[in-house]
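# Descriptive analysis of the structure
The primary structure of each chain is shown beneath.
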Amino acid sequence: MFKRFSLNYALLSMALDAVLTAAALAASHFYRTTWLGWVWPTDWLPGRAQAQAIPMILWPVIVLLWQGVFAVTSVYDPRRNYRAVDEFQTVAFAETLACLALAGLLYLSERAVARWLFVFYVVLNVAFLLGWRVIARIAFKLLHGRATPQRVLIVGAGEVGQRVAETIAAHGWTGLTLVGYLDDDPAKHNNGLPVIGTIEDAPRLVAEHAIDEVVIALPQRAWARLNQLVVALHALPVHLRIVPDYFALTLHRAEAEDFAGIPMIDLRAPALNPYQRLVKRVFDLVVGGALTLVALPIMGVLAIAIKLDSPGPVFYRAPRVGENNRTFNMLKLRSMVADAEARRGEVMRTAEDGSVTFKRPDDPRITHVGRFIRRTSLDELPQLLNVLKGDMSLVGPRPELPWLVELYEPWQRKRFAVPQGMTGWWQVNGRSEKEMHRHTDEDLYYVQHYSLWLDLMILARTVFVVLKGRGAY
């Protein structure tokens, strides 16, 4: 991992956090005793203990508490903070732990501390510590990383090397600058890429161009040159990094792990980090539980209508492929005749490009009640039980039919790197109007750009899509 910032920057970050934490304490006491004490004077209420400030003797302890929690949660680890969303999530997680620790400390030492003082401090502290990081990122982007330039040379101008170059270009604000490629293939010298020499020229070009980082991105067939190249560059003051040619094998992304000193690469590392997974699960339980309470009476009425409309069960248990290719039974209100699966051949169509379609507006298997609940998406309500159970999430790629997954190309299976959802990016951008196999790009977009904010936006857009009835049949 390239160093986005130097050790001095990490020390500066720690110092700023310490100063701003103390500033948040001072500001919260000022506002509590002046502004809030005037507009909301609660201390005079009968039977209420006199609320007090946080003793100044505890201020250094609080600052050290924040520093310790931030250090333990890797806030100052540059390898985890390339993207703004990753850094802000890490800071938010550290803030939550530090606030809980402070609440426990005050409970055991100074229970009479004013609650509003605690709230003011937490809000100001979050604003200060996130605020200066936002300003720092804006400054780095405006400077285009000129403060800490790093010249990069890529060995290998193939697919892997070009992917590294694209990433460097996308993170130019960090100071990374691509000098060029080295490749032995003559064809690579004439395809517009900045190939400045062959692999044999590496020691000379590293010295001539003052290279800071050499990224070896050779295909597996060229790894025989690897040892020779590493030995040739060993005496030069340059960082060497190797990008294994495994991208075609990964489910979503890979992570390097250390097992008792043995480096390993996890080809199926989850797309969500532990913090994101925790937040997503809590969100599913809270919002999903509330929606289930609202949906239960509606499902009861619909169950009666389904039984009166056609013979067969009320619920339809459909095998689906979920996260990490695990199969589960997805619940739906039955909207088709009881033998619909046996009649699937009546509606299945295969296009010239091999894409399969088995949903169409005039499907003869749909019942009268079924047409209504499919148009209004009410047939999906029982999936809230799948969400509470943990088989699904409220938002995510749509769970797929097992037989259809067997037709997937390897790259399409990357959509299973996150929990599958009741609604998702595909559903709010076309729903059934898009043929099967045509929505994988939307699913991968969601996987690569996941955030709680994106989930909230998709849920909001789902309401409007359902009300319009667009693409539902």
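Keep in mind that this is a model prediction, so the values were computed, not measured. (Residues numbered from 1 in each chain as written. Predicted model: local features only at pLDDT ≥ 70, side-chain atom pairs only at ≥ 80, totals over all residues. Heavy atoms only, no water.)

A word on the overall build of the protein chain. Counting its regular elements, the protein chain contains 13 helices and 13 strands. Taking all 473 residues of the protein chain together, the buried fraction comes to 44%. A fraction of 70% describes how many contacts in the protein chain between residues 6 or more apart in sequence connect residues 24 or more apart. Accessible area for the protein chain stands at about 25,100 Å²; split by element, carbon and sulfur atoms hold 65% of it. (Helix = DSSP H or I, 4+ residues; strand = E, 2+ residues; numbered from the N terminus. Buried < 20%, exposed > 50% of the residue type's maximum accessible area, 1.4 Å probe, protein only. Contact = heavy atoms within 4.5 Å. Areas by Shrake-Rupley, 256 points an atom, 1.4 Å probe, with all protein chains shown as cover.)

This part covers the packing of aromatic side chains. In this structure the tally under the stated criterion is 5 aromatic pairs. When the ring of Trp-66 is compared with that of Tyr-121, the centres are 5.3 Å apart and the planes differ by 75°; the resulting orientation is edge-to-face. Taken together, the positions of Trp-66 in helix α2 (residues 59–72) and Tyr-121 in helix α4 (residues 115–143) put the pair 55 residues apart, joining distant regions of the chain. Grouping residues by exposure puts Trp-66 and Tyr-121 together as buried. Lying across the ring of Trp-425, Arg-461 places its NZ or CZ 5.4 Å from the centre. (Phe/Tyr/Trp six-rings, centres within 6.5 Å; stacked < 30°, edge-to-face > 60°. Lys NZ or Arg CZ within 6 Å of the ring centre and 35° of its normal.)

All chains considered together, the criterion is met by 13 salt bridges. In this structure, the salt-bridge partner of Arg-133 is Asp-17, at a minimum N-O distance of 2.8 Å. Of this pair, Arg-133 sits in helix α4 while Asp-17 is found in helix α1 (residues 7–39), placing the two residues 116 residues apart along the sequence. In this structure, Arg-241 engages Glu-213 in a salt bridge whose closest nitrogen and oxygen atoms are separated by 2.8 Å. Here Glu-213 lies in strand β4 (residues 213–216) and Arg-241 lies in strand β5 (residues 239–242), a separation of 28 residues in the sequence. On the accessibility criterion, Arg-241 (21% relative accessible area) is partly exposed. (Salt bridge = Lys/Arg side-chain N within 4 Å of Asp/Glu carboxyl O.)

As a further point, take the pairing of strand β8 (residues 315–321). In terms of strand pairing, β8 meets strand β9 (residues 327–333) through 7 bridges, oriented antiparallel. Across the sheet, the residue bridging to Pro-319 is Asn-329, located in β9. Counted along the chain from β8 to the antiparallel partner β9, the turn is 5 residues long, and its residue Asn-324 has a positive phi close to 60°. (Pairing = 2+ DSSP bridges.)

Bringing unusual backbone geometry into the picture now. The phi dihedral of Asn-325 is positive, around 65°, even though this residue is not glycine. Positionally, Asn-325 belongs in the loop between β8 and β9. Backbone geometry at Ser-377 places phi at a positive 65°, although glycine is not the residue there. Topologically, Ser-377 is positioned in the loop between α9 (368–375) and α10 (383–389).

On to the side chain of Ser-13, then. Along the polypeptide, Ser-13 turns up in helix α1. Take Ser-13: its relative accessible area is 6%, and that puts it in the buried class. Excluding its chain neighbours within four sequence positions, the residues that come into contact with Ser-13 are Tyr-76 and Trp-132.

This part covers a nonpolar patch on the surface. Residues Trp-116, Val-119 and Val-123 make up a contiguous nonpolar surface patch of about 280 Å² in total accessible area. Examined against the element boundaries, Val-123 turns out to sit in helix α4. (Patch = residues over 30% accessible without salt bridge, like charges linked within 9 Å, V, L, I, M, F, W, Y side chains within 5 Å.)

All right, on to helix α8 (residues 274–309) then. Residues spaced three or four apart along an α-helix point in a common direction, a consequence of the helix completing one turn every 3.6 residues. Between its first and last C-alpha atoms α8 spans 46 Å; for 36 residues at 1.5 Å apiece the expected length is 52 Å, and the helix comes up short by more than 12%. For α8, the principal kink sits at Ala-295 and spans about 35°; a proline, Pro-297, occurs within the next four residues. Inspection of α8 places Gln-276, Lys-280, Phe-283, Asp-284, Gly-288, Thr-292, Ala-295, Met-299, Leu-302, Ala-303 and Ile-306 among the buried residues, and these make up the whole buried set. (Expected span 1.5 Å × (residues − 1). Bend = angle between axes of the 7 residues up to and from the residue.)

Either a parallel or an antiparallel arrangement is found when strands of a sheet pair, and the pairing is made through backbone hydrogen bonds. Here we have 5 strands laid out as an open sheet, ordered β3-β2-β1-β4-β5, and parallel in their pairing. Both outer strands of the open sheet, β3 (195–197) and β5, are each paired with one neighbouring strand and no more. On average, each strand axis in the sheet is inclined to that of its neighbour by 35°, with strand direction left out of account. The pairing of strand β1 (residues 150–155) with β4 spans 4 bridges and is parallel. Counted as the bridge partner of Val-152 is Glu-213 from β4. Packing against the sheet, helix α5 (residues 159–170) makes contact with β1, β2 (176–182) and β4, and its axis sits at approximately 160° to β2. Seen against the sheet, helix α7 (residues 226–233) touches β1, β4 and β5 and runs at an angle of roughly 175° to β4. (Axes fitted to C-alpha atoms, helices over the stretch in contact; angles between N-to-C directions.)

Core analysis: the largest hydrophobic core is formed by 30 residues, its most contacted members being Ile-54, Ile-62, Trp-66, Phe-70 and Tyr-121. Counting residues per element, the ones that place at least two in this core are α1, α2, α3 (84–109) and α4. Looking at this core element by element, the count peaks at 8 residues for α4. Once residues within four sequence positions are removed from consideration, Phe-70 is found in contact with Asp-17, Val-75, Tyr-76, Val-91, Ala-94, Glu-95, Leu-129 and Arg-133. If you look at the next biggest cluster of nonpolar residues, it comprises 24 residues, including Leu-272, Ala-295, Met-330 and Leu-454. (Core = buried A, V, L, I, M, F, W, Y, C linked by side-chain atoms within 4.5 Å.)

The alternating pattern of β4 places Glu-213 and Val-215 on one face and Val-214 and Ile-216 on the opposite face, and all of these are buried. Sheet topology note: the β4/β5 ladder contains 4 bridges and is parallel. Bridge pairing links Val-214 to Leu-240 in β5.

Another aspect to go through is the environment of Asp-184. The residue Asp-184 is located in the loop between β2 and β3 in this model. Between the C-alpha atoms of Asp-184 and Ala-222, which are 38 residues apart in sequence, the distance is 9.9 Å. A polar side-chain atom of Asp-184 sits 3.1 Å from the main-chain amide nitrogen of Ile-199. (Polar contact = N/O pair within 3.5 Å; in protein donor to acceptor, adjacent residues only side chain to side chain.)

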